[in-house]
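Results of the structural survey
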Amino acid sequence: MAADEEQPDERTHLLPRDRRLNSLAVEEADAASVVSSHISKEEQALGDTAVGERLPYNDYTTIDWLHDLVKDSFRYRSVHSGKGIRNGLMALLDSCQGWIAAAIIGTLTACVAFLVDMAVATVSDWKTGYCQKNPFASKDLCCTSKSPLTPLADSGETCSDWKYWTGNYWHGFGIYVGLALLFGIISGTVTLTTKRALPASAPGAGDSGPMQKNSDQASRETLKPTATGKSIYMAAGSGIPEIKTILSGFVIPHFLDFNVLVVKAVGSVFAVSTGMCLGKEGPFVHISTCVAYLVGIRFHKYRGNGRKLRELLAAGCSSGLSVAFGAPIGGVLFAYEEISTYFPRKVLWRAFICSLFAAMTLKALNPTGTGKLVLFETNYGTTYRPYHYIVFVVLGAAGGVFGGVFCKANFLWSRSFRKYTIIKNYPVLEVFLVVLATALLQYPNPLAREPGDVIIKNLLVDCNASSRTAYVCMQEGHDSPSSKYLGWLAYGTLIKLVLTIITFGVKVPSGIIIPALDGGAFFGRLVGQLPFLAHSISPGIFAMVGAGSFLAGVSRMTISLAVIMFELTGELEFIVPNMIGIMVAKWVADALEGEGVYDLAQTVLGHPFLDLDSAMTLVRQDAHLAEELIPPPQTMREITVDVPESGIVPRGLLTEKMHQLHRRGLMDAGLVLIQRAMLQGYLAQGELEFGLETLGETFPAGCVVRLLPPLPTAQVPMEHEGELDLSPFIDRTPLTICAKAPMEFVVEMFSKLGLRHLCVTEEGSGRLVGVIIKKRLVVWLEGLKH
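Every value quoted in this text rests on a predicted model; they were computed, and no experiment measured them.

Concerning the packing of aromatic side chains
One pair of aromatic rings is described through two measures. These are the centre distance and the angle between the planes. Under the definition given, this model contains 24 aromatic pairs. For the pair W488 and Y491, a centre-to-centre distance of 6.0 Å together with 70° between the ring planes defines the contact as edge-to-face. Linking W488 with Y491, this pair stays in helix α21 (residues 483–503), spanning 3 residues, or about one helical turn. For W488, a relative accessible area of 17% translates into the label buried. The class for Y491 is partly exposed, based on a relative accessible area of 27%. Through a chain of ring-to-ring contacts, the aromatic side chains of Y380, Y384, Y389, F392, F542 and F574 assemble into a single cluster.

Here's what the structure looks like:
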């Protein structure tokens, strides 16, 4: 999406801008267009505005997958071609680096998760009371001693070691709300410390508007005197949309830095402790990817290669879900199904190792005090009957409706409420308001005032003899549940939907998984109270299926979610009901809203992403050809270098070409080299800048630059002040495609080969007519959606 001021940004706001052109600037622009006789006034305006190649995603750079592949091949041959014991050991170490890194990532991720889990449990319980024998212990750990359990009328059970702040309901209500607001302010404040601006290569590059602006409007706009870029909060949200963007080949600088990891962990502790409808499971994926990055850059094999590093990041993010839910297999499948666009077999195995070590370490640390990985272990001791399939389908349909409504409503909320200046400029104010609304609406409901994971645990409970003191079982112990209890279940379902809509996207670390599970568990437990179901099967089973269905409707997860639900509960018997609910929920949600929450978040946040499946669906709706993506003629003139037979060009020519790229805001484009009207190579912008500014620093300004070897018929050039050789940086075999090729070919080549650029040639003659860059394709696909 274009990141302009007319379109609100849910996660970030752009720096202030001024697009008005004063009369003096108009006169200067007119004079410049008259002097530049070879460029018309319209073309001059085109070159200095957002029209043409200044695309909305130019704050992001991309990696060259093929270039990194070749670079790694050279490195591999240099390491593995040596003879002798020493070289053999070096080759063995090189082969083992990926496995060693995966094990370290999983272990460190589990350590961070242990600290966060322990802190969340304690800080969250402080809203109601404290442990007399250890103020830093949570209520569960405090009550694991031999102190007797005491049932309470409105909140389940407690123990003698746990001290409530007050016995008065209204005083307790006030303390709960006050501490929740304090925790929210702390979380929002620390999150704001990670505010960063993505780099812009030229003045005003961050102010790029839609490509549809016409030249008349463009001629009335001017660039700002200083460079700006899109501003984002690195630690806000779940981080999953940004990670998907990074793994698809784009670069978000500093998003995986150590300080972001620390803020994400600390912010998650206080954000979850507020009681807002958010979870720490999404942030765990970001944290695990940060750990993978910090570990990966310690290995030379990954530090200098974007492609190899992304393989490690894809494996590392699996450990996030592994430690979040105690679901090592589900974490691997989640990374494959939901996060990664590049997941070969070796990445699958490394993700397996990473997730395994994370699970082993977390089990040894034992943050739950149970000694088990399963978070919500159940033992219903019964099974379902064929007529229950109808109920599972109903739960799936309800989950699909919940997910579709949530995705649409949250998108509209992000585009409306967060458009207001006061909300964009003071994000902590939004956090304050959301926390206040959440505390006021959830506290009266004894089922909803607990943290999200505790809510799920309470609603999945099976009311056997060992859990009769739980609040849910106390209410369901009668022949028929009270209307008040049924009202609390219905109220919980509704309030979770409303509060999750307004919460997702606030400037604190937050995930969507736990709130969706909560809403589904509420609804499923309510359905389980129907007379013909209550005495035939445990209502907790319907809460479990409802939780999975609601999350499927929101996220569109399928296989990974079915496995996660099994690993969460340890109930292999109910894999089939979960599969039914998840399948129906996805179908219904897709019918209501074609994209899941993470895809919509990428759109709202303005992050570029090339999804093969959705892209192919778009281009198949009409007969599109590659020639539709050919840049304007002025752009092609600026990025084309006509190389003489001698293979050398003046340095000033390349310097001017580089400045033209900067003026358009292109951060990772390049120049095409033409000789005798035929394509001879491609010089990427990064290599061009390195050659001219670093290697060429010792060369005089009037030197020439060698780009290609001389032809046999080339004449000896005149004397010059020096020759800067950039020929090693030239890609002599750039990939090409015919201008009349179907757009499906273009999408397949960019998505499966990871291309940064693709040259377009004329049908029949083979003459170069255009260059397609990845960002142009992404923007074009975005236009097809509207």
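Topic: the pairing of strand β11 (residues 670–675)
β11 sits mainly inside the fold: 6 of its 6 residues count as buried. Relative to β11, strand β9 (residues 640–642) is paired through 3 bridges, and the arrangement is parallel. Bridge pairing in β11 places D642 opposite I674. Both β11 and strand β12 (residues 678–684) contribute to a ladder of 6 bridges, which runs antiparallel. Opposite L673, over in β12, you have G681 as the bridge partner. In textbook terms, the turn of a hairpin is the stretch between consecutive antiparallel strands, and for β11 and β12 this stretch comprises 2 residues, one of which, R676, has a positive phi near 55°.

Some points on the UniProt feature "transmembrane region" (unreviewed entry) in the chain
Feature annotation in UniProt places "transmembrane region" (unreviewed entry) on residues 96–116, 173–192, 283–300, 312–335, 386–413, 485–506 and 540–566, given in this structure's numbering. Here residues 96–116 runs as 100% helix and 0% strand, with 31 Å between its end C-alpha atoms. What you have in residues 540–566 is 89% helix and 0% strand, and the ends, taken at the C-alpha atoms, are 14 Å apart.

Observations regarding the state of the cysteines
All told, the structure shown has 1 disulfide when counted by the stated rule. In this model C131 forms its disulfide with C142; the gap between the sulfur atoms is 2.2 Å. Its S-S torsion of approximately 80° makes the covalent link between C131 and C142 right-handed. You can see C131 sitting in strand β2 (residues 129–131) and its partner C142 sitting in helix α5 (residues 139–142), a full 11 residues away along the chain. For C142, a relative accessible area of 0% corresponds to the buried category.

Criteria and thresholds
Along each chain, numbering runs from 1 in the same order as the chain's sequence is written. In keeping with the predicted nature of the model, local features appear solely for residues at pLDDT of at least 70, side-chain atom pairs appear and are counted solely at 80 or more, and the whole-chain, interface and lining totals rest on all residues. Hydrogens and waters are ignored; side-chain quantities use all the structure's heavy atoms. Aromatic rings from Phe, Tyr and Trp, taking only the six-membered ring of Trp, are treated as a pair when their centres fall within 6.5 Å; an angle between ring planes under 30 degrees marks them as stacked, one over 60 as edge-to-face, and anything in between as tilted. Per the convention used, a helix needs a DSSP run of H or I reaching at least four residues, while a strand needs a run of E reaching at least two, with both numbered from the N terminus. Burial classification: accessible surface area is computed with a 1.4 Å probe over protein chains only, and a residue below 20% of its type maximum counts as buried, one above 50% as exposed, and the rest as partly exposed. Paired strands, in this sense, are two strands between which DSSP finds at least two bridges. UniProt positions are given in the numbering used here, feature names are shortened, and annotations may be inferred rather than shown by experiment. Only a pair of cysteine sulfur atoms within 2.5 Å counts as a disulfide in this structure description.

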